Structures are given as structure tokens and as C-alpha cells.
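One-letter residues, chain by chain:
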Amino acid sequence: MSDIQQLIAQIRAFRDARDWEQFHNSKDLAVALSIEASELLELFLWKGNEDANPDKLKNELADVLMYALLLADKHGLDVKQIIEDKMKLNNEKYPVEKAKGTAKKYNEL
């Protein structure tokens, strides 16, 4: 079992012990992920680029990652595979010779 699969199993066990799976439909998991991402973003509000509280950052980032993993699990997605697939696509959209040192979107290169 991979590290990611072990994490998903731990998150599932926590959820199932509380009978929360009934609330974890795809829409609500996506909404929860978005809300947690907003809470992560709020840590930076009115602060310098790197001035978020590190402990709060860890907690909010963990919430985002847990909801993302639950959503992937709900749809039977292999997290490692979908990230590798997306990285391959990004490599095609952002070739080094065009994208290096620029923040432009792929359709602006």
C-alpha cells in the first residue's frame, strides 16, 4: 500500500467511525474543499507574501488535502496517476523553451 493509499485509509477510518460518509457526496466534498481552500487563502489576507502563521497554514493545507483525497477516492481515482497525467499535460502546454521565467498562460506564450 502506497503512502497516499495509507493516508486515504486513515481519513476513511476517521470519517467512517463518525458515520460521516452519508454527507460526503461529490458536490459537498468539492464545496468543502473550496471552503477550506478559502480558509487557507484567508491566512494571507493583509499580510506579506510569506507571512502566514505556519501552524495555521499546516492545518488549513491538511484540510484541503484531505477533502481532495476523499473526492479522488469517491471517484476511484488513482491520485498518483492523475497527478502524473496532469504533469504530462502541463509539460506539453508549458514547454521549458517557451515558459521558462514567465508567468504567462499557455495560450499567451
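Presented here is an overview of the structure given in this document. For clarity, every value in this text was computed on a predicted model and none was experimentally measured. (Residues numbered from 1 in each chain as written. Predicted model: local features only at pLDDT ≥ 70, side-chain atom pairs only at ≥ 80, totals over all residues. Heavy atoms only, no water.)

Looking now at the overall build of the protein. A count of helical and extended segments in the protein gives five helices and zero strands. In terms of overall dimensions, the protein is more spread out than a globule: its C-alpha atoms have a radius of gyration of 17 Å, far above the 13 Å expected for 109 residues. Within the protein, the proportion of its 109 residues that are buried is 17%. Taking the intrachain contacts of the protein between residues at least 6 apart in sequence as the baseline, contacts between residues at least 24 apart amount to 57%. (Helix = DSSP H or I, 4+ residues; strand = E, 2+ residues; numbered from the N terminus. Rg over C-alpha atoms; globule rule 2.2 N^0.38 Å. Buried < 20%, exposed > 50% of the residue type's maximum accessible area, 1.4 Å probe, protein only. Contact = heavy atoms within 4.5 Å.)

Applying the stated rule across the entire model yields two aromatic pairs. Ring plane angle 75 degrees and centroid distance 5.7 Å describe the contact between Phe-14 and Trp-20, whose orientation is recorded as edge-to-face. With a relative accessible area of 43%, Phe-14 lands in the partly exposed category. For Arg-18, the ring lying beneath its charged end belongs to Phe-14, and the centroid distance is 3.6 Å. Taking NZ or CZ as reference, Arg-18 lies 6.0 Å from the ring centre of Trp-20, over its face. (Phe/Tyr/Trp six-rings, centres within 6.5 Å; stacked < 30°, edge-to-face > 60°. Lys NZ or Arg CZ within 6 Å of the ring centre and 35° of its normal.)

This part is about the side chain of Glu-36. Structurally, the position occupied by Glu-36 is in helix α2 (residues 26–42). The charged side chain of Glu-36 is buried without a salt bridge, its nearest counter-charge being Lys-56 at 13 Å. Among residues more than four places away in sequence, those in contact with Glu-36 are Glu-60, Asp-63, Val-64 and Tyr-67. (Lys, Arg positive; Asp, Glu negative; His and termini not counted. Salt bridge = Lys/Arg side-chain N within 4 Å of Asp/Glu carboxyl O.)

You can see Lys-98 is positioned in helix α5 (residues 96–99). Judged by its relative accessible area of 53%, Lys-98 falls in the exposed class. For Lys-98 and Leu-109, which are eleven residues apart along the polypeptide, the C-alpha to C-alpha distance reads 6.4 Å.

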